[in-house]
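Here is what each chain is made of, one letter per residue.
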Amino acid sequence: MVRLTVDLIAKYSSRSKNKKHHSLPQYLKKVTHLNFSDKNIEEIDDLSMCLNLTVLYLYDNQITHTSNLAHASNLTHLYMQNNNIMHIENLSALSKLTKLYLGGNSIMVVEGLEALKELKELHVEGQRLPPGEKLLFDPMTIHSLAASLSVLNISKNNIDEIRDLVPLTKLTHFYATDNQLNDIEDLEIVCSQWPELLRLDLTGNPICQQPKYRDRLIPVCKTLEDLDGKKINELSRQFLINWKASKEAKKKLKDERIMTGQIMYPFDVAIHAVPECSQIVPYGSFKGKKWTKNFGRPIAKSRTDGAKSECCKLRSRNVKFPIRVGNLLTDCHKTRSHLVLL
């Protein structure tokens, strides 16, 4: 087992020009950057002597736990992608951490980051998950990062919805490529809650194949500059915003007319007080055409000679009389022994 120890640091630091005029304890106290990537490291040992360490590179190793980092309290950048980490833990002492790279591990839940109040970038892309599983987000962690996190990368994690990420109102860059996002309405709701979003990349999701995908997202992301790697110019954005506003105004007007009874659907019409005569048939766009016996439903026969006689008296198209349609009064024409609503 290869462990990151003081001796291992001393072995590699002996090649460094910075150690030339310093003893090992002095060097460890002053060192700010350590690069131990791709060294087959499986465990992190005590780094308490590295009091001023700010950047630690541990990617491409075999590390299974994020441990023994408490004394590196000045750490700002931690690179641990492509290891064997299954849980995010033991990072609460890294209060100055601003960038955390954990992509390519086996993490199933983003958690344990409540104490990282300065974290600005979180990269958890490409986790090695069991078949059918997706990356999940602990609500407490998400709420704790809401005031600071500006860059989030969750690509390639089989994610099918992102409503849990709504609290991240400081996001400027969001990467969720090659997932299973498919609900455009959910995406509109979430993105509308990110007022500072500049770059959004959803390439490789089913949602990208939906009609007017870009046209619907751009108006709700008012600060967006780049969508799926394509720049958004201000002229296009303003056109889409105006188009969306016009569409919503028309829908609102139509809903108001329906509510006030100005628009009525033909199957909801109730007709009262119609004289007893032939069956009422629609006139509509067939004005001027001859009615045939086979058009529409069969025309009912007059019940009595008296009723037939009364109908014949209303032969002129200019004859109008009011009838009740629901709660409204309208006029009715009589033509060729048929009543036609106006």
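Quick caveat, the model's predicted, so the values are computed rather than measured. (Residues numbered from 1 in each chain as written. Predicted model: local features only at pLDDT ≥ 70, side-chain atom pairs only at ≥ 80, totals over all residues. Heavy atoms only, no water.)

A. Local environment of the side chain of Q127. Inspection of the secondary structure assignment puts Q127 in the loop between β8 (121–123) and β9 (136–137). Engagement of the side chain of Q127 in a polar contact is seen with the backbone oxygen of L102, the distance being 2.9 Å. A distance of 3.3 Å separates a polar atom in the side chain of Q127 from the backbone nitrogen of N105. Residues contacting Q127, with those up to four places away along its chain left out, are L102, G103, G104, N105, S106, I107, L135, K156 and N157. (Helix = DSSP H or I, 4+ residues; strand = E, 2+ residues; numbered from the N terminus. Polar contact = N/O pair within 3.5 Å; in protein donor to acceptor, adjacent residues only side chain to side chain. Contact = heavy atoms within 4.5 Å.)

B. Structural detail: the pattern of salt bridges. Taken as a whole and assessed by the stated rule, the structure comprises eight salt bridges. Between K134 and D160 there is a salt bridge whose closest N-O contact spans 2.8 Å. Of this pair, K134 sits in the loop between β8 and β9 while D160 sits in the loop between β10 (151–153) and β11 (173–175), and the two are 26 residues apart along the sequence. Measuring nitrogen to oxygen at the nearest pair gives 2.5 Å for the salt bridge that ties R163 to D186. Pair noted here: R163 is in the loop between β10 and β11 and D186 is in helix α4 (residues 184–191), with a separation of 23 residues, a long-range link. What makes R163 partly exposed here is its relative accessible area of 42%. Overlapping salt bridges, with partners in common, bring together R3, E43 and D45 in one network. (Salt bridge = Lys/Arg side-chain N within 4 Å of Asp/Glu carboxyl O. Buried < 20%, exposed > 50% of the residue type's maximum accessible area, 1.4 Å probe, protein only.)

C. Region of interest: the environment of A115. Checked against the element boundaries, A115 lands in the loop between β7 (109–110) and β8. By relative accessible area, A115 is classed as partly exposed at 33%. For A115 and L91, which are 24 residues apart along the polypeptide, the C-alpha to C-alpha distance reads 8.0 Å. Not counting the four nearest positions on each side in its chain, A115 is found in contact with S92 and S95.

D. Spatial organisation of the packing of aromatic side chains. Considering all chains together, one arrives at four aromatic pairs under this definition. On the basis of an interplanar angle of 10 degrees and a centroid distance of 4.5 Å, the ring pair of Y79 and Y101 is categorised as stacked. A residue pair is termed long-range when its members are at least 10 positions apart, and Y79 in strand β5 (residues 77–79) and Y101 in strand β6 (residues 99–101) qualify at 22 residues. (Phe/Tyr/Trp six-rings, centres within 6.5 Å; stacked < 30°, edge-to-face > 60°.)

E. Here's a closer look at the sheet that holds strand β12 (residues 199–201). One open sheet accounts for ten strands, arranged β2-β4-β5-β6-β8-β10-β11-β12-β13-β14; its pairing is mixed. Edge strands, defined here as strands with exactly one partner in the open sheet, are β2 (33–35) and β14 (230–231). Bridge count for β8 against β10 is three bridges, and the pairing is parallel. Bridge assignment links L122 to a residue of β10, and that residue is L152. (Pairing = 2+ DSSP bridges.)

F. Molecular detail of the environment of E43. Note on placement: E43 falls in strand β3 (residues 41–44). E43 has contacts with M1, V2, R3 and L4, leaving out every residue within four places of it along the chain.

G. Here's a closer look at the packing of α4 against helix α5 (residues 213–220). Here α4 crosses α5 at 20 degrees, and the two axes come no closer than 9 Å. On the basis of their axis angle, the class for α4 and α5 is roughly parallel. The crossing of α4 and α5 is right-handed. Residues I184, E185, L187, E188 and C191 of α4 touch α5, and the partners they reach there are Y213, R216, L217 and V220. When the residues that make up the contact of α4 with α5 are grouped by side-chain class, the tally is six nonpolar, no polar and three charged. (Axes fitted to C-alpha atoms, helices over the stretch in contact; angles between N-to-C directions. Parallel < 35°, antiparallel > 145°, perpendicular 65-115°, else oblique. Left-handed = near helix turned anticlockwise from the far one by under 90°. Nonpolar A, V, L, I, M, F, W, Y, C, P; charged D, E, K, R; others polar.)

H. Broad picture of helix α1 (residues 6–13). Within α1 the residues assigned to the buried category are L8, I9, A10 and S13. Each element contacted by the buried residues of α1 is listed here: β1 (2–4), α2 (24–30), β2 and β3.

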